[in-house]
Amino acid sequence: SRAATERKEAAIKYALYNGQPRNAEQIIDFINHQYMTYIMLDGALSPLGKWKQDMRTQFWEVPQDGSEECARLDHLPSAEEFYREYVVRSRPLILPKAAQDGWTTEKWLDEEWMKKTHGHKEIHVKVTPEGEFEGCEQASRWEDFHTEPPLPDYVSSQLQSPDLVVVRPAEVVIKISELLDILKEKPYNASFYLEYSDMRSYLPGMLRDVHVPTFADFLRLEMTNMWIGDGKTLGKLHFDPYDNLLSMVTGSKTVDLFAPHRNEELYEGHIREAVLKFDMKSGLFRRKGLSDSTSMVMSPVDIKNIDSDAFPMFGNTKRLRCTIHPGETLYMPAFWWHEVQSSPDEDTHKNMAVNFWFKPFYDKEFPCAECRLQPNSIYEDLFWKFVHSG
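Residues numbered from 1 in each chain as written. Predicted model: local features only at pLDDT ≥ 70, side-chain atom pairs only at ≥ 80, totals over all residues. Heavy atoms only, no water.

Visitor: Can you tell me about the overall build of the chain, naming the residues and giving the values?
Guide: The secondary structure content of the chain amounts to 10 helices and 21 strands. For 390 residues, the compact-globule formula gives about 21 Å, and the C-alpha radius of gyration of the chain, at 24 Å, lands near that figure. A principal-axis box enclosing the C-alpha atoms of the chain has dimensions of 75 × 55 × 45 Å. Relative to its 390 residues, the chain shows a buried fraction of 51%. When contacts within the chain are restricted to residue pairs at least 6 apart in sequence, long-range pairs at least 24 apart make up 82% of them. A total accessible area of about 19,400 Å² is found for the chain, and carbon and sulfur atoms account for 49% of it. For the chain, the centre of its 45 positive side-chain charges and the centre of its 61 negative side-chain charges are spaced 3 Å apart. (Helix = DSSP H or I, 4+ residues; strand = E, 2+ residues; numbered from the N terminus. Rg over C-alpha atoms; globule rule 2.2 N^0.38 Å. Buried < 20%, exposed > 50% of the residue type's maximum accessible area, 1.4 Å probe, protein only. Contact = heavy atoms within 4.5 Å. Areas by Shrake-Rupley, 256 points an atom, 1.4 Å probe, with all protein chains shown as cover. Lys, Arg positive; Asp, Glu negative; His and termini not counted. Charge placed at Lys NZ, Arg CZ, Asp CG, Glu CD.)

Visitor: An account of unusual backbone geometry is requested, with residue identities and associated values reported.
Guide: Note that the residue after Phe-366, namely Pro-367, is joined by a cis bond; omega there is -5°. You can see Pro-367 is positioned in the loop between strand 20 (362–363) and strand 21 (374–375). Phi at Lys-186 takes a positive value of approximately 50°, unusual for a residue other than glycine. Looking at the secondary structure, you find Lys-186 in the loop between helix 7 (176–185) and strand 7 (191–198). According to the relative accessible area criterion, Lys-186 is partly exposed, its value standing at 43%. In this structure, His-349 takes a positive phi of about 60° despite not being glycine. In this structure, His-349 sits in the loop between strand 18 (337–343) and strand 19 (351–358). The class for His-349 is partly exposed, based on a relative accessible area of 47%.

Visitor: So, the nonpolar core: which residues are in play, and what are the values?
Guide: Soluble globular proteins tend to bury their nonpolar side chains together. Ranked by internal contacts, the top residues of the largest apolar core, which has 81 residues, are Phe-82, Trp-108, Leu-179, Phe-192, Met-226, Phe-314 and Phe-361. Ranked by the residues each element gives to this core, the list is headed by helix 7, at five residues. Non-local contacts of Phe-314, meaning those with residues more than four positions away in its chain, are made with Leu-237, Phe-258, Glu-265, Leu-266, Tyr-267, Val-301, Ile-303 and Ile-306. By size, the runner-up hydrophobic cluster in this structure holds 20 residues, among which are Met-248, Val-255, Ala-259 and Ile-324. (Core = buried A, V, L, I, M, F, W, Y, C linked by side-chain atoms within 4.5 Å.)

Visitor: Residue-level account of helix 5 (residues 111–118), with values.
Guide: Buried within helix 5 we find Glu-111, Met-114 and His-118. Relative to the axis of helix 5, the buried residues are bounded by an arc of 75° and lie together on one face. Facing away from the buried side of helix 5 by more than 90 degrees, the exposed set consists of Glu-112 and Lys-116. Tucked inside the fold, the buried residues of helix 5 contact helix 7, helix 9 (204–207) and strand 8 (221–229). (Arc of directions from axis to C-beta.)

Visitor: Could you give an account of the sheet that holds strand 2 (residues 122–128), naming the residues involved and the relevant values?
Guide: The strand order 1-17-10-19-8-7-2-6 describes an open sheet built from eight strands, whose pairing is antiparallel. Of all the strands in the sheet, the pair left with one neighbour each is strand 1 (93–95) and strand 6 (170–175). Each adjacent strand pair in this sheet contributes to an overall mean axis angle of 25°, direction not counted. By the bridge criterion, seven bridges tie strand 10 (residues 243–250) to strand 19 in an arrangement that is antiparallel. The residue of strand 19 that forms the bridge with Asp-243 is Phe-358. Each of strand 2, strand 6, strand 7 and strand 8 touches helix 7; the most contacted strand, strand 6, lies at about 110° to it. (Pairing = 2+ DSSP bridges. Axes fitted to C-alpha atoms, helices over the stretch in contact; angles between N-to-C directions.)

Visitor: Explain the sheet that holds strand 5 (residues 164–168) to me, and be specific about the residues and the numbers.
Guide: Taking strand neighbours across the sheet as the criterion, the four strands line up as 4-5-12-15 in an open arrangement whose pairing is mixed. Because the sheet does not close on itself, it has two edges, and the strands there are strand 4 (136–138) and strand 15 (290–295). Between one strand and the next, the sheet's axes are offset by a mean angle of 45°, whatever the strand orientation. Alignment of strand 5 against strand 12 (residues 271–275), held across four bridges, turns out to be parallel. Bridging from a neighbouring strand, Val-165 pairs with Arg-272 of strand 12.

Visitor: With reference to specific residues and values, describe the pairing of strand 8.
Guide: As paired elements, strand 7 and strand 8 share four bridges and run antiparallel to each other. When the bridges of strand 8 are listed, Asp-198 appears paired with Asn-225. Relative to strand 19, strand 8 runs antiparallel, the two being bridged by eight bridges. The residue of strand 19 that forms the bridge with Gly-229 is Asn-351.

Visitor: Describe the pattern of salt bridges, listing the residues and the values that go with them.
Guide: With the rule as written, the count across this model stands at 25 salt bridges. A salt bridge links Lys-115 to Glu-111, with the shortest nitrogen-to-oxygen separation between them at 3.8 Å. In this pair, Lys-115 and Glu-111 both sit in helix 5, four residues apart, roughly one turn of the helix. Here Asp-256 makes a salt bridge to Arg-321, at a shortest N to O gap of 2.7 Å. With Asp-256 in strand 11 (residues 252–258) and Arg-321 in strand 16 (residues 320–324), this residue pair connects regions lying 65 residues apart in the sequence. Judged by relative accessible area, which is 5%, Asp-256 ranks as buried. Classification of Arg-321 as partly exposed rests on a relative accessible area of 30%. One network of salt bridges, in which partners are shared, links Glu-111, Lys-115, Asp-181 and Lys-350. (Salt bridge = Lys/Arg side-chain N within 4 Å of Asp/Glu carboxyl O.)

Structural data, given as structure tokens:
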């Protein structure tokens with residue numbers, strides 16, 4: 001921003017006035033630090049700067065020929081192969097069962113064990129009427145649409161689709177044992193889903209049963225999440241600002257992915273939020289909970305029922321489909337748009353997964369449809385590890 005630039009310029013003037021830095025090399029280093037640039041004394045880019053510039057030309061594109069299945073490896077990659085061929089190229093990938101070597105998650109499928117060891121744990125569970133999570137619909141369907149005061153101008157002026165809301169699920173706090181009973185007995189005409197539940201906070205005992213695969217240990221872990229549902233959930237089209245390893249324990253997930261390189265086609269922007277209400281006693285939902293807050297990561301496009309008149313640019317996108325089964329792991333680079341259809345295991349009638357969120361290798365401002373991915377400076381050490389050393 002202009003204000004940030006002015007602050008940096010003032011810092012440079014102040015430092016120069018006070019005799020720091022003292023020579024040309026120190027001046028260049030100081031300016032590079034202030035502006036996150038990579039210029040050498042002769043005006044050329046430094047090797048690190050050239051590497052970061054070249055990375056932006058290496059993005060993988062979904063094939064033009066209509067082949068839309070995800071790449072699969074039949075071996076575990078080395079850290080360098082994973083880094084060069086997939087992380088730097090921002091390319092999704094399905095990894096074999098060996099990615100879960102050393103995990104001890106088989107016991108998770110034993111309901112008696114789960115109840116005995118973790119059943120008392122309270123968890124935050126999301127609930128929707130038909131298994132659809134975070135979809136968009138007309139704001140006029142909500143009870144408080146005509147009674148709520150108008151949105152503040154600074155909010156309404158930023159809305160990408162003013163007539164729509166992102167429907168956030170209702171939330172209930174129950175014990176794991178109660179969730180397992182609900183998934184088994186189905187006493188409600190509703191879908192209960194433990195989604196992106198931070199294992200460190202809620203299930204630390206189970207966190208010991210999983211670990212990040214060694215080929216990805218150069219990524220900086222932010223969170224490890226648990227997902228448990230009836231296998232009939234649909235997570236609508238969105239992106240996450242994290243690099244992601246999604247590992248199946250039971251059931252399967254089919255993930256439709258869209259590249260983050262032309263976000264205008266996905267209509268990235270602010271969308272007003274609304275939160276469902278659910279009564280555990282009656283089992284009834286109410287659409288009463290319009291919010292002043294907005295979602296910044298959801299697309300208004302319904303890819304199962306595309307409105308080409310409202311979203312004509314979506315027709316230019318190319319879909320990549322990735323299906324993972326028990327033991328398999330999907331690498332999803334940060335900011336790839338994805339919609340996730342879960343399916344239950346035939347025997348357990350559940351869907352269970354773990355995912356690891358890492359600080360993004362490529363970052364961007366959001367919501368900002370025209371903003372492009374940029375190399376994240378926190379990973380500059382990888383230049384010396386994987387590039388400059390070779």
